Amino acid sequence: MSPQDPTQPQPPHGRERRHCLVDAVADSLAAEPALEAVTIDRSQRRVSVATLGKVQNPALGEALAASLQQAQEAGADPHCCLLEGAPDCRTCDLPVEPFARRGLTVTQAGQRTTVARATCPTAPRFWRWRDLPLPKVVPREVEIPEDDQHLEEWKWQLLAAGLCGALAWVAWRIGERPVALGFHLAAYLAGGWFAAQEVWERLRQRTLDVHFLMLAVAVGSASIGRWDEGSILLFLFSLSGALEHYALGRTQREIRSLFRDAPKVATLLEAGGQEREVPVDRLLPGQRLLLKPGAQFPVDAEVVKGRTAADEANLTGEATPVDKGIGDLVLAGTLNLWGVIEATVLRPARESALQKIVRLIREAQHLKAPSQRFTDKFGTRYTYGITGLTLVMFFVWWLAWDLPAFTSTATTRSAFYLAMTLLVVASPCALVLSIPSAVLAAIAWGARRGILFRGGAAVEKLAEVDVVALDKTGTLTTGELEVERIQSFPHGREAEVAGLAFSLERLSAHPLARAITRYGKQQGLSAVELERFESVTGLGLRAQWRGQPVLLGRREWLDGFCRQCRDESESRADSAGRCDFCGLLATVPAAGTGHSEVWLATRDLLGRILLQDGIRHQSRAVIADLRHAGLHPVVLTGDREAAAAALQSLLGLEDVRAELKPEQKLAAIRELSEAGRRVAMVGDGVNDAPSLAAAHVGVAMGARGSDAALEQAEIVLMHDRLENFVAAFRLSQRARRVIRQNLVVSLGTVALLVGGALAGTIPLTLGVIGHEGSTVIVVLNSLRLLLGGPPRAEPPRPAPAGTP
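From a predicted model like this one, the values you see are computed outputs, not experimental measurements. (Residues numbered from 1 in each chain as written. Predicted model: local features only at pLDDT ≥ 70, side-chain atom pairs only at ≥ 80, totals over all residues. Heavy atoms only, no water.)

### So, the overall build of the protein chain
Thinking step 1. Looking only at helices and strands, one finds 26 helices and 27 strands in the protein chain.
Thinking step 2. A buried classification covers 48% of the 804 residues belonging to the protein chain.
Thinking step 3. For the protein chain, contacts bridging at least 24 residues in sequence account for 68% of all contacts bridging at least 6.
Thinking step 4. Roughly 37900 Å² of accessible area belongs to the protein chain as shown, and the carbon and sulfur atoms make up 56% of that amount. (Helix = DSSP H or I, 4+ residues; strand = E, 2+ residues; numbered from the N terminus. Buried < 20%, exposed > 50% of the residue type's maximum accessible area, 1.4 Å probe, protein only. Contact = heavy atoms within 4.5 Å. Areas by Shrake-Rupley, 256 points an atom, 1.4 Å probe, with all protein chains shown as cover.)

### Brief notes about helix H16 (residues 494-505)
Thinking step 1. For H16, spanning 12 residues, the distance from its first C-alpha to its last is 16 Å, which sits close to the expected 16 Å at 1.5 Å a residue.
Thinking step 2. Counted residue by residue, H16 has 9 buried out of 12 residues, so it is predominantly covered. (Expected span 1.5 Å × (residues − 1).)

### A few points about the pattern of salt bridges
Thinking step 1. Applying the stated rule across the entire model yields 16 salt bridges.
Thinking step 2. Residues Asp 471 and Lys 665 are paired through a salt bridge, measuring 3.0 Å at the closest nitrogen-oxygen approach. Residue Asp 471 is located in the loop between strand S16 (467-470) and helix H15 (472-476), and its partner Lys 665 is located in helix H22 (residues 662-674); the two are separated by 194 residues in the primary sequence.
Thinking step 3. Note on Asp 471: relative accessible area 5%, which makes it buried.
Thinking step 4. Two residues, Arg 657 and Asp 655, come together in a salt bridge whose shortest N-O distance is 3.2 Å.
Thinking step 5. By relative accessible area, which is 24% here, Arg 657 ends up partly exposed. (Salt bridge = Lys/Arg side-chain N within 4 Å of Asp/Glu carboxyl O.)

### Description of the pairing of strand S6 (residues 265-269)
Thinking step 1. Where burial is concerned, most of S6 is hidden: 4 out of the 5 residues are buried.
Thinking step 2. Pairing between S6 and strand S7 (residues 275-279): 5 bridges, direction antiparallel. Counterpart to Thr 267 in the pairing with S7 is Glu 277. (Pairing = 2+ DSSP bridges.)

### Here's the deal with the pairing of strand S19 (residues 540-545)
Thinking step 1. Judged by how many residues are buried, S19 sits mostly within the fold: 5 of 6 residues are covered.
Thinking step 2. Of the pairings in the sheet, the one linking S19 to strand S20 (residues 548-553) comprises 6 bridges and is antiparallel in character. Each bridged residue has a counterpart across the sheet, and for Ala 543 the counterpart in S20 is Val 550.
Thinking step 3. Here S19 folds back onto S20, and the loop between the two strands holds 2 residues, one of which, Arg 546, carries a positive phi near 55°.

### Re a nonpolar patch on the surface
Thinking step 1. A cluster of nonpolar side chains, contributed by Leu 391, Phe 395, Trp 398 and Leu 399, occupies part of the molecular surface with about 410 Å² of accessible area.
Thinking step 2. Summarising the element assignment, Phe 395 is placed in helix H10 (residues 370-400).
Thinking step 3. Accessibility expressed as a relative area gives 37% for Phe 395, which makes it partly exposed. (Patch = residues over 30% accessible without salt bridge, like charges linked within 9 Å, V, L, I, M, F, W, Y side chains within 5 Å.)

### Focus: the packing of aromatic side chains
Aromatic ring pairs are described here by two measures, namely the spacing of the ring centres and the angle between the planes.
Thinking step 1. Summed over all chains, the structure comprises 8 aromatic pairs.
Thinking step 2. Look at Phe 394 and Phe 406: their rings are 5.6 Å apart centre to centre, the planes differ by 40°, and that puts the pair in the tilted class. Note that Phe 394 is positioned in helix H10 and Phe 406 in the loop between H10 and helix H11 (415-425), a separation of 12 residues in sequence.
Thinking step 3. Here the aromatic cluster, defined as three or more aromatic residues joined through ring pairs, consists of Phe 394, Phe 395, Trp 398, Phe 406 and Phe 416. (Phe/Tyr/Trp six-rings, centres within 6.5 Å; stacked < 30°, edge-to-face > 60°.)

### Let's talk about the packing of helix H20 (residues 619-628) against helix H25 (residues 724-759)
Thinking step 1. At a closest axis distance of 9 Å, the pairing of H20 and H25 adopts a crossing angle of 25°. By the angle between their axes, H20 is roughly parallel relative to H25. The two elements H20 and H25 cross, and the hand of that crossing is left-handed. Along the contact surface, H20 presents Val 622, Asp 625 and Leu 626, while H25 presents Phe 725, Val 726 and Arg 730. (Axes fitted to C-alpha atoms, helices over the stretch in contact; angles between N-to-C directions. Parallel < 35°, antiparallel > 145°, perpendicular 65-115°, else oblique. Left-handed = near helix turned anticlockwise from the far one by under 90°.)

### Some details on the sheet that holds S7
Thinking step 1. If you walk across this open sheet you meet the 6 strands as S7-S6-S8-S14-S9-S12, and the pairing is antiparallel. In the strand order of this sheet, the two ends are held by S7 and strand S12 (329-330), each with one partner.
Thinking step 2. In terms of strand pairing, strand S9 (residues 301-305) meets strand S14 (residues 341-345) through 4 bridges, oriented antiparallel. Looking at S14, one finds that Ala 301 is bridged to Val 345.

### What about helix H26 (residues 764-783)?
Thinking step 1. Spanning 20 residues, H26 covers 29 Å between terminal C-alpha atoms, matching the ideal 28 Å at 1.5 Å per step.
Thinking step 2. Along H26, the residues classified as buried are Leu 764, Gly 767, Val 768, His 771, Glu 772, Ser 774, Thr 775, Val 778, Val 779, Asn 781, Ser 782 and Leu 783.

### Focus: the side chain of Gln 544
Thinking step 1. If you trace the backbone, Gln 544 turns up in strand S19.
Thinking step 2. The residues touching Gln 544, leaving out its near neighbours within four places in the chain, are Leu 530, Glu 531, Arg 532 and Pro 549.

### Notes on the sheet that holds strand S15 (residues 451-453)
Strand pairing within a sheet occurs via backbone hydrogen bonds; the two strands may be parallel or antiparallel.
Thinking step 1. Taking strand neighbours across the sheet as the criterion, the 7 strands line up as S15-S27-S26-S25-S16-S23-S24 in an open arrangement whose pairing is mixed. Sheet topology places S15 and strand S24 (656-657) at the edges, where each strand pairs with a single neighbour.
Thinking step 2. Where S15 meets strand S27 (residues 715-717), 3 bridges bridge the pair, whose relative direction is antiparallel. Along S27, the bridge assignment pairs Leu 452 with Val 716.

### Quick word on the side chain of Gln 287
Thinking step 1. Tracing the backbone through its elements, the reader meets Gln 287 in the loop between S7 and strand S8 (288-291).
Thinking step 2. A polar contact is formed between the side chain of Gln 287 and the backbone nitrogen of Leu 284, at a distance of 2.9 Å. (Polar contact = N/O pair within 3.5 Å; in protein donor to acceptor, adjacent residues only side chain to side chain.)

### A word on the confidence of the model for the protein chain
Thinking step 1. Per-chain confidence: the protein chain averages 76 in pLDDT, with 73% of residues scoring 70 or above.
Thinking step 2. Here helix H3 (residues 96-101) stands out as the element of the protein chain with the lowest mean pLDDT, 57, in contrast to S16, whose mean of 94 is the highest.
Thinking step 3. Confidence over residues 81-93 falls short of pLDDT 50; this stretch has 34 contacts with residues more than four positions distant or in other chains.
Thinking step 4. In the model, residues 795-804 has pLDDT below 50 throughout and makes 17 contacts with residues more than four positions away in sequence or in other chains. (pLDDT = per-residue confidence, 0-100.)

### As for the packing of helix H13 (residues 436-448) against H25
Thinking step 1. Relative to each other, H13 and H25 sit at 160°, their axes nearing to 9 Å. By the criterion of interaxial angle, the relationship of H13 to H25 is roughly antiparallel. Classified by chirality, the crossing of H25 by H13 is right-handed. Contact with H13, carried on its side by Ser 437, Ala 438, Val 439, Ala 442, Trp 445 and Gly 446, involves Leu 731, Ala 735, Val 738, Ile 739 and Asn 742 of H25 and no other residues of that element.

### Things to note about unusual backbone geometry
Thinking step 1. Omega for the bond connecting Phe 489 with Pro 490 falls within 30 degrees of zero, at 5°, which places this linkage in the cis form.
Thinking step 2. Along the chain, the position of Pro 490 falls in the loop between strand S17 (477-489) and H16.
Thinking step 3. Non-glycine residue Asp 402 carries a positive phi angle of around 60°.
Thinking step 4. Among the secondary structure elements, Asp 402 is positioned in the loop between H10 and H11.
Thinking step 5. Phi angles above zero are rare outside glycine, and Arg 532 is one such case at about 55°.

### Quick look at the nonpolar core
Thinking step 1. Phe 453, Leu 462, Leu 626, Ile 715 and Phe 725 are the most contacted members of the largest nonpolar core, which has 49 residues in total.
Thinking step 2. Ranked by the residues each element gives to this core, the list is headed by H25, at 9 residues.
Thinking step 3. For Phe 725, the residues in contact, after removing those within four places along its chain, are Leu 462, Val 468, Leu 626, Leu 631, Ala 680, Val 682, Val 699 and Leu 717. (Core = buried A, V, L, I, M, F, W, Y, C linked by side-chain atoms within 4.5 Å.)

### So, the environment of Arg 493
Thinking step 1. Its place among the elements puts Arg 493 in the loop between S17 and H16.
Thinking step 2. Classification of Arg 493 as partly exposed rests on a relative accessible area of 24%.
Thinking step 3. When the C-alpha positions of Arg 493 and Gly 607 are compared, they lie 8.5 Å apart, and in sequence the two are 114 residues distant.
Thinking step 4. Residues within four places of Arg 493 in sequence aside, it is in contact with Ser 488, Asp 604 and Leu 605.

### What about the environment of Gly 770?
Thinking step 1. Following the sequence through the fold, Gly 770 ends up in helix H26.
Thinking step 2. For the pair formed by Gly 770 and Val 425, sequence separation is 345 residues and the distance between their alpha carbons is 7.5 Å.
Thinking step 3. Apart from the residues lying within four places of it in its own chain, the contact partners of Gly 770 are Thr 749 and Leu 753.

So this is what it looks like as structure tokens:
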């Protein structure tokens, strides 16, 4: 059997404890940084969530429901009180210690169970509680996702539109005979079926929209004997509705194709080498997996044996396979191309990069652009306004212009006919669709290429920026230290230095230790047996090897050790106890700018490991592309002046500000904003979160970005592909152009047709064709955002006065 994770609740003595849904609540707290506590009241069927301050995030409840669902599918205790329809409710036998190791507390009082983060006694005073209904946990197999139904709805709408058109044509061919009325009624039923459902839903909410206007015009046309024109209206309206749903459905399919056919089971390697199939959502960090060619990686994991290449196109948009060897990261949802490898699970499936994308996209689809929010409000008010205007104009044409009220003649149209024409041409169909169709298409295009817009506002706002502030570590650089070279004194013993350093550092979690451990695994180094291992806080590591002390750490620590060694030997008036490396240490020059160094010393060996945070190979090209697009790059870093100067020289930067604390970065962003600049901040760490929030647009590096940075960012670049920022900027520009084109088409068509309708010169048939035609044009124009390769940039904009 594989070793159990000590952080997970273990069975009580004498029997197995089935997975309780309280464990799922604990997992939700671990996955959602905004949550502070969750209380479940079984008697009231209610769950209360606590956050630190006011957090408006409906996804918290969705995430909790998803955790409960996954726990039930993974085999939760059927008697658990949180399950819907549990046969009997018994008090959960919850061991406290495992939850404490996870930094959580669990308290039970009758029918109430509270899981909270371990914190100071005063913190709960600042929690804000919000009540939610306890999610019903039912098997997924009996659910039919509503979104899937909507994805296919356009086919039925297209069929209904086709029937409407065919029946209307037959009725027109028949002419004035009585049987034509039956075909007209059938055409009305087919063309108005889906619109009537929408109107009924709106009426239940006590609102009106364009569907009501179209049905009203169709009924009005029939009431004055204009069946043909009413049928044409319903045919074109239902056809444009089908095209609209097709466009939105394609956008959804573009996004869903990123996550199709995700693996449900994984091959677990147990301690004795046996293989066992287990559900992906039950994998725990530290477990070892066997991964075969042609299959998707089930979770984020680290390669520990073998070599392969991964297709990461669905996460990053990069078509070139990425080589993977020992120590490399493989991401859930990407494809193992050719190698058989073994990998260690890094995090549960729900915390993978793939699930991070899913959550961000779900949020993005519900966050509207500012202009879209305006058109939504405008559309509703406009519907009421145009209905009132139509009623007024009916009386004006009838009473003031002395037109017939309802009966048209060969030479004169009735006031009611003109009112119906005005109602059609003034309806805001194309206007309402002009922005959301373009925004959703842009979100889908970006998601396919590793660019996640967290809502329509980001799509619009990014095109407005003229300054790009970039963090250094993790943004322009990889953010991961790499071993550049190993030195030994005397020369020739570099392998011994590497082996000892690997043996010591594999027991530490320091960033320098991770780099050396990764290097050791890639080189296939074997760990040697060490005794009396000790970590000296802030200085390094110490152990015994073959009876001799081994030191690994900072140069200053070794200097102090040498001084102590020298003092002791002088007090004995001999040099027998003096270490051989003490004399060598003073002769070795310090590491160059941009390097970190780790020293290793034994009595007869001195070694140095030089590490460097490498600059991303695409950083220079990105800086050049930013300038070509008319953007001014600024680097804000907390690194030393010397490291910032080296970066400035390598990348040809003009404005680099070093040794900045988080509050100083924030001040720099505010200074640029107060000077009239629109700033996009690109960062990845907790220290970047305030600047991301203050910037006009916050952009986070997604693969290694902290939760705080991802929470504040409006755009996420998955897999840390910095060049995708330029693609996102160009996409935003293109989306803005499409939105403007849509608005010109929709508003221009309405203005032209309304003018003709008020003058009484446009027949109803022409008004219907013009109105519905503009709607179709807007939808098809938005679909252009899904086609082709990277969008081309707009011509560079002149920099404002005073730009450096």
